[in-house]
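Descriptive analysis of the structure
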Amino acid sequence: MTPFLNKEQEKCNECLQNLHLLIDDEADATQKNYFQSHLEECTPCFKAYNLEKTVKELVQNKVANKPIPQNLLDKIREKIGHFVA
């Protein structure tokens, strides 16, 4: 394997391991620039990014549209009250 491939694989590994920072809008400006630059050049990482982002959006939409049962809310409030008191 050539050194170029090793370096490119390292970039991909780093990008894939940290996609959540970009998707969750937790990346700083330097990280955003690095990831966006890499995603523009690397189709497999771009596809992985789009898949992760789509899955997160789908999960958020499913969770956001479901009502929370009152008894669950009451239990959560009770537990929080124990920690706050």
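Keep in mind that what you see is a predicted model, and the values were worked out from it rather than measured. (Residues numbered from 1 in each chain as written. Predicted model: local features only at pLDDT ≥ 70, side-chain atom pairs only at ≥ 80, totals over all residues. Heavy atoms only, no water.)

Let's talk about the packing of aromatic side chains
The description of two aromatic rings rests on the distance between their centres and on the angle between their planes. The cut-off we apply is this: Working definition: rings of Phe, Tyr and Trp (its six-membered ring) pair if their centres are within 6.5 Å, and the pair is stacked with planes under 30 degrees apart, edge-to-face with planes over 60 apart, and tilted otherwise. Each residue's exposure class comes from its accessible area (1.4 Å probe, protein chains only) as a fraction of the maximum for that residue type: buried when under 20%, exposed when over 50%, partly exposed otherwise.
Throughout the structure, instances matching the rule amount to 1 aromatic pair. For the ring pair tyrosine 34 and phenylalanine 35, a centre distance of 5.8 Å and an interplane angle of 65 degrees mean the geometry is edge-to-face. On the basis of relative accessible area, phenylalanine 35 is assigned to the buried category, the value being 3%.

A closer look at the side chain of histidine 38
This is how the line gets drawn: In this description a helix means any DSSP run of H or I spanning at least four residues, a strand means any run of E spanning at least two, and both kinds are numbered starting from the N terminus. Throughout, a contact is declared for two residues whenever any of their heavy atoms are within 4.5 Å.
Secondary-structure assignment places histidine 38 in helix α3 (residues 29-41). Apart from the residues within four sequence positions on either side, histidine 38 is in contact with Lys11, Cys12, Cys15 and Cys45.

Overview of a nonpolar patch on the surface
Keep this limit in mind: Candidate patch residues must exceed 30% relative accessible area and have no salt bridge, after which like charges are joined if within 9 Å and Val, Leu, Ile, Met, Phe, Trp or Tyr side chains if within 5 Å. The method behind every accessible area is Shrake-Rupley, applied with a 1.4 Å probe, and residues are considered shielded solely by the protein chains displayed. Should a side-chain nitrogen of Lys or Arg be within 4 Å of a carboxyl oxygen of Asp or Glu, the pair is scored as a salt bridge.
A grouping of Leu51, Val55, Val59 and Val63 is seen on the molecular surface, where their side chains present a nonpolar patch of about 360 Å² in accessible area. Tracing the sequence through the fold places valine 59 in helix α4 (residues 43-64).

Here's the deal with the nonpolar core
This is how the line gets drawn: The definition of a nonpolar core used throughout is a set of buried Ala, Val, Leu, Ile, Met, Phe, Trp, Tyr and Cys residues joined through side-chain atoms within 4.5 Å.
In terms of nonpolar packing, the biggest core is built from 12 residues, these being Cys12, Cys15, Leu19, Leu21, Leu22, Ile23, Ala27, Phe35, Leu39, Cys42, Cys45 and Tyr49. Secondary structure elements with two or more residues in this core: α1 (3-17), α2 (19-23), α3 and α4. Aside from chain neighbours lying at most four places away, what touches leucine 39 is Cys15, Leu19, Leu22, Cys45, Phe46 and Tyr49.

Here we look at unusual backbone geometry
Unusually for a residue other than glycine, aspartate 25 sits at a positive phi of about 60 degrees. The topology assignment puts aspartate 25 in the loop between α2 and α3.

Points about the pattern of salt bridges
Considering all chains together, one arrives at 4 salt bridges under this definition. Lysine 56 is paired through a salt bridge with aspartate 24; the nearest N and O atoms lie 2.1 Å apart. Here aspartate 24 lies in the loop between α2 and α3 and lysine 56 lies in helix α4, a separation of 32 residues in the sequence. We classify lysine 56 as partly exposed; its relative accessible area is 28%. You can call aspartate 24 partly exposed: its relative accessible area is 30%. For the salt bridge of lysine 32 with aspartate 25, the shortest nitrogen-to-oxygen distance reads 3.0 Å. Accessibility expressed as a relative area gives 28% for lysine 32, which makes it partly exposed.

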